[in-house]
Amino acid sequence: MTDRFSFTLNATSGKARTGVIQTPRGDIRTPAFMPVGTAATVKAMMPESVAATGADILLGNTYHLMLRPGAERIARLGGLHHFMNWSKPILTDSGGFQVMSLADLRKLTEEGVTFRSHIDGSKHLLSPERSMEIQKLLGSDIVMCFDECPALPADRKALEDSMRLSMRWAARSKDAFGDRPGYALFGIQQGGLEQDLREESAGALREIGFDGYAVGGLAVGEGQAAMFGCLDFAPDQLPVDKPRYLMGVGKPDDIVGAVKRGIDMMDCVLPSRSGRTGQAWTRRGQVNIKNARHADDPRPLDEDCTCPACSNYSRAYLHHVFRAQEMISGMLLTWHNLHYYQELMQGMRDAIAADGFDAFEAAFHAARAEGDIPPL
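The rules behind each value
Residues numbered from 1 in each chain as written. Predicted model: local features only at pLDDT ≥ 70, side-chain atom pairs only at ≥ 80, totals over all residues. Heavy atoms only, no water. Helix = DSSP H or I, 4+ residues; strand = E, 2+ residues; numbered from the N terminus. Rg over C-alpha atoms; globule rule 2.2 N^0.38 Å. Buried < 20%, exposed > 50% of the residue type's maximum accessible area, 1.4 Å probe, protein only. Contact = heavy atoms within 4.5 Å. Pairing = 2+ DSSP bridges. Axes fitted to C-alpha atoms, helices over the stretch in contact; angles between N-to-C directions. Parallel < 35°, antiparallel > 145°, perpendicular 65-115°, else oblique. Left-handed = near helix turned anticlockwise from the far one by under 90°. Salt bridge = Lys/Arg side-chain N within 4 Å of Asp/Glu carboxyl O. 1 Å grid on protein atoms, 1.4 Å probe; cavity = no way out; pocket = protein on both sides within 12 Å on 5 of 7 lines; lining within 4 Å. Points joined across faces, edges and corners; volume = space filled by probe spheres on them. Nonpolar A, V, L, I, M, F, W, Y, C, P; charged D, E, K, R; others polar. Core = buried A, V, L, I, M, F, W, Y, C linked by side-chain atoms within 4.5 Å.

K.L.:
Would you take a moment to explain the overall build of the chain for this structure?
P.N.:
A tally of regular secondary structure across the chain gives 15 helices and 16 strands. Its C-alpha atoms give the chain a radius of gyration of 21 Å, near enough to 21 Å, the size a compact globule of 376 residues would have. Across its three principal axes, the chain shows a C-alpha extent of roughly 60 × 45 × 45 Å. Here the chain holds 376 residues, and 56% of them are scored as buried. Expressed as a percentage of contacts within the chain between residues at least 6 apart in sequence, the contacts between residues at least 24 apart total 66%.

Dropping the structure here:
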């Protein structure tokens, strides 16, 4: 164990990277996928089960936790790790994206964002200083600076103004974060799909100085081709010796494409949300277990998967419990999806270490092209 935060880059394969983020609460192997525990829980999963899938770190949500149960309450109860029974690292987002997308009656100023809660209509101000205070109360190991995340497409002037506001907020976030050995603060690059705005943002962040850097403002409606086009240059604009985090991504092919372009960390609600709606992610792509063709299928969901859903239950059983709306249905498929995502990350880490990422990527796409095999 270490008493500080650091990042070691161990190997590369093309632009793909593998390494280790060291924190006082444990190591994070990169590339890393962070399951999302929005309200201090990964939906349909026990913390021990999430750890069993291979996850090294979870993501918590500042906006949701500040509204319910409240950051001060969580602090009084021992901090977020103790509160949710998760001993490994936690990253918390700044709340900026949720304020822009979920809250009512928003008013954006230089100071921050005033909004009304989507839960009870109560009025709040979220600023860089308040976001840092909340994340400190939660006790998160990796803190994200407060930013604005505009939806795409957006005109250039709006992107430029938003990015520069986020950079001013980034400097205020750094000042408010202070000197906290063992904890990390990540800056967030903005600028839409514009290469020069991204470079300006990266330069401002480098000048301020952060422990890690996120590529923000993607996966907000621009489509995969545009996202990859931006990732062809955006990670290269960030420091080589710090972790690079792509926020809110995504589907397995999004993740493989992002790692190919130099991304080290990702998060997304997709594996748990899909699990609760009967969608399974497998090596051969997506499977809708509610489809009638699975009703008499005695095979596992994926014969090569070692998760509890695949090891102990048939497709027919999974189909039945989803059709019967039993709670175990979402639990089993969420476990499978998170297991698959972590298996995908380990496969990429191994491939990069052996300088074989191109072969891994080709095999990944070939398996998906084959598709799910129907029963005989």
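K.L.:
Would you mind showing me how to read unusual backbone geometry here?
P.N.:
Note: most peptide bonds trans; most residues except glycine with negative phi. Cis geometry marks the peptide bond from T30 to P31; its omega dihedral reads 0°. For P31, the position within the fold is in the loop between β3 (26-30) and β4 (32-37). Look at the link from V249 to G250: it is a cis peptide, with omega at -5°. As for its placement among the helices and strands, G250 is situated in the loop between β13 (244-246) and α10 (252-260). One non-glycine residue, Q325, lies in the positive phi region at around 60°. Mapped onto the elements of the fold, Q325 is located in the loop between α13 (315-323) and α14 (327-353).

K.L.:
Just checking my understanding: could you explain the sheet that holds strand β12 (residues 212-215) for this structure?
P.N.:
Consider a sheet: its strands pair through backbone hydrogen bonds, and that pairing is either parallel or antiparallel. One closed barrel holds the eight strands; their spatial order is β4-β5-β6-β10-β11-β12-β13-β14, and the pairing between them is parallel. Averaged over all pairs of adjacent strands, the angle between strand axes in this sheet comes to 30°, irrespective of strand direction. Direction of pairing for strand β11 (residues 184-189) relative to β12: parallel, over a ladder of four bridges. What sits directly across from G187, in β12, is Y213. The strands touched by helix α6 (residues 128-138) are β6 (90-93), β10 (142-144) and β11; relative to β10, the strand with the most contacts, the crossing angle is about 160°. Contacting β4 and β14 (265-268), α14 crosses the sheet at an angle of about 155° to β4.

K.L.:
Would you take a moment to explain the packing of α10 against helix α15 (residues 357-370) for this structure?
P.N.:
A pair of packed helices is captured by two measures, namely the crossing angle of their axes and the spacing between those axes. One can describe the packing of α10 onto α15 by two numbers: an axis separation of 11 Å at closest approach and a directional angle of 165°. Viewed along their axes, α10 and α15 adopt a mutual orientation that is roughly antiparallel. Taken as a pair, α10 and α15 cross one another with a handedness that is left-handed. Across the interface between the two elements, P252, D253, V256, V259 and K260 of α10 pack against F357, E361, F364, H365 and R368 of α15.

K.L.:
I would appreciate a short explanation of the side chain of S272 in the present structure.
P.N.:
Among the secondary structure elements, S272 is positioned in helix α11 (residues 270-276). Exposure remark for S272: the relative accessible area of 6% places this residue in the buried category. Once residues within four sequence positions are removed from consideration, S272 is found in contact with K43 and T334.

K.L.:
Help me understand the pattern of salt bridges, please; the structure alone is not making it clear to me.
P.N.:
Close approach of charged atoms allows side chains with opposite charge to pair. What the rule picks out here adds up to 23 salt bridges. In this structure, E361 engages K260 in a salt bridge whose closest nitrogen and oxygen atoms are separated by 3.4 Å. Here E361, found in helix α15, pairs with K260, found in helix α10; they are 101 residues apart in sequence, far enough to count as distant. In this structure, E303 engages R284 in a salt bridge whose closest nitrogen and oxygen atoms are separated by 3.5 Å. Of the two residues, E303 sits in the loop between β16 (285-288) and α12 (308-312) while R284 sits in the loop between β15 (279-282) and β16, which places them 19 residues apart along the sequence. Linked through salt bridges whose partners overlap, the residues forming this network are E72, R130 and E133.

K.L.:
How should I be thinking about the layout of surface pockets in this particular structure?
P.N.:
Taking a probe equal in size to a water molecule and rolling it over the atoms shows the remaining empty space. For the largest pocket, the calculated volume is near 860 Å³. Forming the walls of the largest pocket are 40 residues, and the residues nearest its centre are F97, Q98, G248, D267 and V269. Of all elements in the fold, only β5 (58-61), α5 (96-101), α9 (224-231), β14 and α11 reach the threshold of two or more residues within the lining of the largest pocket. Take the lining of the largest pocket: its biggest share by element is four residues, from α5. Here the residues of the lining of the largest pocket sort into 15 nonpolar, 17 polar and eight charged. Along the walls of the second largest pocket sit R283, Y340, E343, L344, G347, F360, A363, F364 and A367, which together make up its complete lining. Those elements giving two or more residues to the lining of the second largest pocket turn out to be α14 and α15. Split by residue class, the lining of the second largest pocket holds six nonpolar, one polar and two charged.

K.L.:
Sorry, what's going on with the pairing of β6 here?
P.N.:
Remember that side chains alternate between the two faces of the sheet whenever the strand is regular. With burial as the criterion, each face of β6 is covered, one bearing I90 and T92 and the other bearing L91 and D93. When β5 meets β6, the two strands line up parallel, connected through four bridges. Bridge pairing in β6 places G60 opposite T92. Of the pairings in the sheet, the one linking β6 to β10 comprises two bridges and is parallel in character.

K.L.:
What's the story with the nonpolar core in this structure? I'm lost.
P.N.:
It is characteristic of soluble globular proteins that their nonpolar side chains tend to be buried jointly. Counting 66 residues, the largest nonpolar core has L91, I142, L231, Y245, L246 and M266 as its most contacted members. Per-element accounting of this core gives the leading share, six residues, to α14. Setting aside chain neighbours within four positions, we find L246 in contact with V215, L218, L231, A258, I263, M265, M266 and D267. Ranked by size, the runner-up nonpolar core spans 27 residues in total, among them I90, I134, L138 and L165.

In short, the description is geometric, and any link to function would need to be established separately.
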